[in-house]
Amino acid sequence: MLPAYVPRAHDEHVRDWLRKVVEGGGTRLLVLRGGSCTGKTRTAFEAVREVMPDWRLVYPKTAQAMVELLSGVPLAPAGTVLWLDGHRSARAGV
């Protein structure tokens, strides 16, 4: 179980951006930058959970799993969040 979330000033910006994705459709990339252990993952998780509760969440755990996912047709159906949190292995190649 996660501890209670403490909202931050930037949370509403992230949620607004995600709402535009939900309303406008299409494919978008959101990158949250910041230092280590500053809450980027939790901010994104809480925003997706609130704004996109019915969307499919896909989290490839290895670079090979990501390659297999991205090799499929279609890549991902509409209403899918592709979660690449801390994916250093993806940048390393397969």
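This write-up is about the structure you can find in this document. Residue positions are given per chain, counting from 1 as you read along its sequence in written order. This being a predicted model, a pLDDT of at least 70 is required before a residue's local features are given, and a value of 80 or more before pairs of side-chain atoms are given or counted; all residues contribute to the totals for chains, interfaces and linings. Here the side-chain values reflect all heavy atoms present in the structure, with hydrogen atoms and water set aside.

Turning to the packing of helix α1 (residues 11-24) against helix α2 (residues 40-51), a few remarks are in order. Angle between the axes and distance between the axes: these two values describe a pair of packed helices. To obtain an axis, a line is fitted to C-alpha atoms, over the contacting stretch when the element is a helix, and the angle between two such axes runs from 0 to 180 degrees between their N-to-C directions. The helix and strand labels rest on DSSP assignments: H or I over at least four residues marks a helix, E over at least two residues marks a strand, and numbering proceeds from the N terminus. Packing of α1 against α2 brings their axes to within 9 Å, and their N-to-C directions diverge by 45 degrees. The angle between α1 and α2 falls in the class oblique. Of the two possible hands of crossing, α1 and α2 adopt the one that is right-handed. Within the contact between the two elements, α1 uses Asp11, Val14, Arg15, Leu18, Arg19 and Val22 and α2 uses Thr43, Glu46, Ala47, Val48, Glu50 and Val51. Note on angle classes: values under 35 degrees are labelled roughly parallel, values over 145 roughly antiparallel, values of 65 to 115 roughly perpendicular, and the remainder oblique. For any pair of crossing helices, the crossing counts as left-handed if the nearer helix is rotated counterclockwise from the farther one by less than a right angle, and right-handed if it is rotated clockwise. Here, two residues are considered to be in contact whenever any of their heavy atoms come within 4.5 Å of each other.

Turning to the pattern of salt bridges, a few remarks are in order. Salt bridges are defined as contacts in which a side-chain nitrogen from Lys or Arg sits within 4 Å of a carboxyl oxygen from Asp or Glu. Scanning all chains against the criterion turns up six salt bridges. Among the salt bridges present, the one from Arg15 reaches Glu50, with a minimum N-O distance of 2.8 Å. You can see Arg15 sitting in helix α1 and its partner Glu50 sitting in helix α2, a full 35 residues away along the chain. Residue Glu50 is classed as partly exposed on the basis of its relative accessible area, which comes to 45%. Several salt bridges converge on common partners, so that one network encompasses Glu12, Arg15, Asp16, Arg19 and Glu50. Burial classes: relative accessible area under 20% of the type maximum marks a residue as buried, over 50% as exposed, and values in between as partly exposed (1.4 Å probe, protein chains only).

A few words on α1. Note on helix geometry: an α-helix contains 3.6 residues per turn, so any two residues three or four positions apart are oriented the same way. For α1, with 14 residues, the first-to-last C-alpha span of 20 Å sits near the 20 Å given by 1.5 Å per residue. Restricting attention to buried positions, one finds in α1 the residues Asp11, Val14, Arg15, Leu18 and Val21. What you see down the axis of α1 is that its buried residues fit within an arc of 115 degrees, all on one side. Of the exposed residues in α1, those oriented more than 90 degrees away from the buried face are His13, Lys20, Glu23 and Gly24. Close packing links the buried residues of α1 with α2. Once α1 ends, the next one or two residues include Gly25, with phi positive near 70 degrees. Here a helix's expected span is defined as the number of its residues, less one, multiplied by 1.5 Å. Of all possible arcs, the one meant is that of the directions from the helix axis to the C-beta atoms.

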